[in-house]
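Summary of the model geometry
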Amino acid sequence: MAKFTVRAENFCLISHSTSSKSLIFNNPISLNHPRFHLLPSKRCLSFRVWCSIKEKENVKETDKFDGVLTGLRVDELDQASSVSDSEGELGHMSGSDQVGSEWNWPPWKNIPERYKLIGTTSLAFVICNMDKVNLSVAIIPMSHQFGWSSSVAGLVQSSFFWGYALSQLPGGWLAKVFGGRRVLQIGVLTWSLATALVPLVAGFMPGLVFSRILVGIGEGVSPSAATDLIARLIPLEERSRAVSFVFSGLSVGSVAGLLLAPPLIQNLGWESVFYIFSFLGVAWYSGFQFLKEGNASYGNEPIAGSHSTSMEKSLNTSLEELGGSLKDVPWRAFFKSQAVWAMIYTHFCGSWGHYTCLSWLPTYFSEELNLNLTEAAWVSLLPPLASVFVTSIAAQIADNLIANGVETTTVRKICQTIGFLSPALCMTLSSVDLGLPPWEIVGILTGGLALSSFALSGLYCTHQDISPEYASILLGITNTVGAVPGIVGVALTGYLLDSTHSWSISLFAPSIFFYLTGTIVWLVFASSKPQNFSTRD
């Protein structure tokens, strides 16, 4: 609780909503003989007070009111500052703590806390996919250096998904218990340090596989952590845009990784991409720590329209409480729900097409279309680059439909159907020998994979729709199954490629099958209606 002492040398500014005048007490003044300046104003009623503060306890920015009176904000200033108004200099203020300020630095100081967190989470996803796709490019010179076949290269790339699959359920549970913020920052640090290990153990296959497993574990907890954050902070009418903005960081990361990796490899060697990208993750972790210490808890910020509570447990939670929280999860109710099973299978189908293309497209462009390393990498960034554009459009369409009264389930089904049928059609055209030149094939694949981003406004919003409370755990369940194609599909593609020497059979045919069957299951069984799993269990 803070004690406020208003001194004579301070001033207040009052502006009225009518055409009446604004009163300004200039500094220095005497309370007995104030000087008034009348300024015309037609703005809404606002009230700002500058005064000295004597703190008895820590002052937190907790209450924010929307309306005619905007409320008081406590900003800490380490030294005296001057404030100038459009009509002239108002005076000089002194004191270490003041309420209100005309000049705010840094510029993002007054951005709502939930938007700051969503922005930094999206940035983490950018780095996430940079560390995922760097091996997709580096695997080409690494295979030449170490004499790896396509099967061995597929094994190395799939090892990432072993860790990714193993960390899904634990990541969802930890996000539920500790909150997504803590889980996300630990995940980023884990995968960043593991990425730096890759060049050191590349010549020792077990060590290389283990390092990629660690990268997968670190990145595997990130989707559940982000889902927990969105479910806690973002209301339904903003959810499609929040999910799309955060997860579009993956596409941006793919673009950045595929754009930066070739010149780094050609000029500094393939080892450089792992060291440099690792440094970016460590830098993000350090910056996120600073952001966390300098801002109020996001969980204390009430969000209108949110269906979730925002309580986070302390890191000092006892083992008994952790065990109890795990038992409290309504596992049986989850697996009795048709909607959950639809999400599981749909996630598996979408991941098959996404992970196999993410891992093998650079090699496909290099070997099948006869492009060099730089051209193959640059062409490979076209699908994720186009996905960034499509994602923003899809999110706006989905949120506008929901805001205009269209049933949420209908919106999710429309978006997911577009996200599956589009790449299935484009892969079919690319796999059939139509005599198309390479750049037309690139364009077709780019369009299909870009439109698959509609799934971010379909499947990836459904976890929060049906249960904000258990959204992170539900995503952990579906993402665990969704990681299986990364393990099986990526390795199987390499094996089929060695056996058949056909990209149509090894890469495109399985993806087309899963896209089509996933669409059918989603249309029949998917639902976004909120479900109370606790009472059902």
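Residues numbered from 1 in each chain as written. Predicted model: local features only at pLDDT ≥ 70, side-chain atom pairs only at ≥ 80, totals over all residues. Heavy atoms only, no water.

The protein chain is annotated in an unreviewed UniProt entry as Major facilitator superfamily (MFS) profile domain-containing protein of Acer negundo. The UniProt entry for the protein chain carries the following comment under Subcellular location (unreviewed entry): "Plastid, Chloroplast membrane". Its UniProt record gives the protein chain a comment under Sequence similarities (unreviewed entry), which states: "Belongs to the major facilitator superfamily. Sodium/anion cotransporter (TC 2.A.1.14) family." (UniProt positions renumbered as here; feature names shortened; annotations may be inferred.)

1. Brief notes about the UniProt feature "transmembrane region" (unreviewed entry) in the protein chain
Mapped onto this numbering, the UniProt entry gives "transmembrane region" (unreviewed entry) at residues 186-210, 242-261, 273-291, 340-361, 381-402, 441-461, 473-497 and 503-526. Regarding residues 441-461, the helix share stands at 67% and the strand share at 0%, and the terminal C-alpha atoms are separated by 31 Å. Measuring from the first to the last C-alpha atom of residues 473-497 gives 36 Å, for a span that is 96% helix and 0% strand. (Helix = DSSP H or I, 4+ residues; strand = E, 2+ residues; numbered from the N terminus.)

2. Details of helix α11 (residues 338-367)
In this model α11 runs 43 Å from its N-terminal to its C-terminal C-alpha over 30 residues, within 8% of the 44 Å that 1.5 Å per residue would give. In α11, a bend of some 50° at Trp360 exceeds every other bend along the element, and Pro362, a proline, comes one to four places later. Taking burial as the measure, the 30 residues of α11 include 24 buried ones, the bulk of the element. Residue Ser337 occupies the N-cap position of α11, its side-chain oxygen lying 3.3 Å from the main-chain nitrogen of Ala339. (Expected span 1.5 Å × (residues − 1). Bend = angle between axes of the 7 residues up to and from the residue. Buried < 20%, exposed > 50% of the residue type's maximum accessible area, 1.4 Å probe, protein only. Polar contact = N/O pair within 3.5 Å; in protein donor to acceptor, adjacent residues only side chain to side chain.)

3. A look at the environment of Ile397
With respect to the helices and strands, the residue Ile397 is situated in helix α13 (residues 382-403). Residue Ile397 is classed as partly exposed on the basis of its relative accessible area of 39%. Along the chain, Ile397 and Ser457 lie 60 residues apart, while their C-alpha atoms are 9.0 Å from each other.

4. Comments concerning the packing of aromatic side chains
The relation between two aromatic rings is expressed through the spacing of the ring centres and the mutual angle of the planes. With the rule as written, the count across this model stands at 25 aromatic pairs. Pairing Phe160 with Tyr164 gives two aromatic rings, centres 5.7 Å apart and planes at 25°, and the pair type is stacked. Taken together, the positions of Phe160 and Tyr164, both in helix α2 (residues 150-166) and four residues apart, correspond to about one turn of that helix. Summarising the burial analysis for this pair, Phe160 and Tyr164 share the class buried. A cation sits over an aromatic face here: Lys132 above Tyr164, 5.4 Å from the ring centre. (Phe/Tyr/Trp six-rings, centres within 6.5 Å; stacked < 30°, edge-to-face > 60°. Lys NZ or Arg CZ within 6 Å of the ring centre and 35° of its normal.)

5. Topic: the nonpolar core
By size, the foremost hydrophobic cluster in this structure holds 61 residues, and its most contacted members are Leu361, Tyr364, Phe365, Met427 and Leu445. Here this core takes nine residues from α11, the largest share from any one element. Apart from residues lying up to four places away in sequence, Leu445 is in contact with Leu361, Tyr364, Phe365, Cys426, Met427, Ser430 and Phe508. Formed by 28 residues, the second largest nonpolar core is a distinct cluster that contains Val133, Leu135, Ala256 and Leu258. (Core = buried A, V, L, I, M, F, W, Y, C linked by side-chain atoms within 4.5 Å. Contact = heavy atoms within 4.5 Å.)

6. Remarks on the side chain of His463
Mapped onto the fold, His463 is located in helix α16 (residues 459-466). For His463, a relative accessible area of 0% gives the class buried. Of the polar contacts made by the side chain of His463, one reaches the backbone oxygen of Leu459; its length is 3.4 Å.

7. Points about the side chain of Ser506
Along the chain, Ser506 falls in helix α19 (residues 503-525). Using a relative accessible area of 2% as the deciding quantity, one classes Ser506 as buried. With near-sequence residues (within four places) excluded, Ser506 lies in contact with Thr493, Leu496 and Leu497.

8. Digging into the packing of helix α3 (residues 168-178) against helix α6 (residues 222-233)
Axis angle and axis distance: for two packed helices, these are the angle between their axes and the distance between the axes, and together they describe the pair. Contact geometry of α3 with α6 gives a least axis separation of 8 Å together with a crossing angle of 35°. Regarding α3 and α6, the two cross each other, and that crossing is right-handed. Facing Gln168, Gly171, Gly172, Ala175 and Lys176 of α3, the residues of α6 in contact are Ser224, Ala225, Asp228 and Arg232. A class-by-class count of the residues in the contact of α3 with α6 yields two nonpolar, four polar and three charged. (Axes fitted to C-alpha atoms, helices over the stretch in contact; angles between N-to-C directions. Left-handed = near helix turned anticlockwise from the far one by under 90°. Nonpolar A, V, L, I, M, F, W, Y, C, P; charged D, E, K, R; others polar.)

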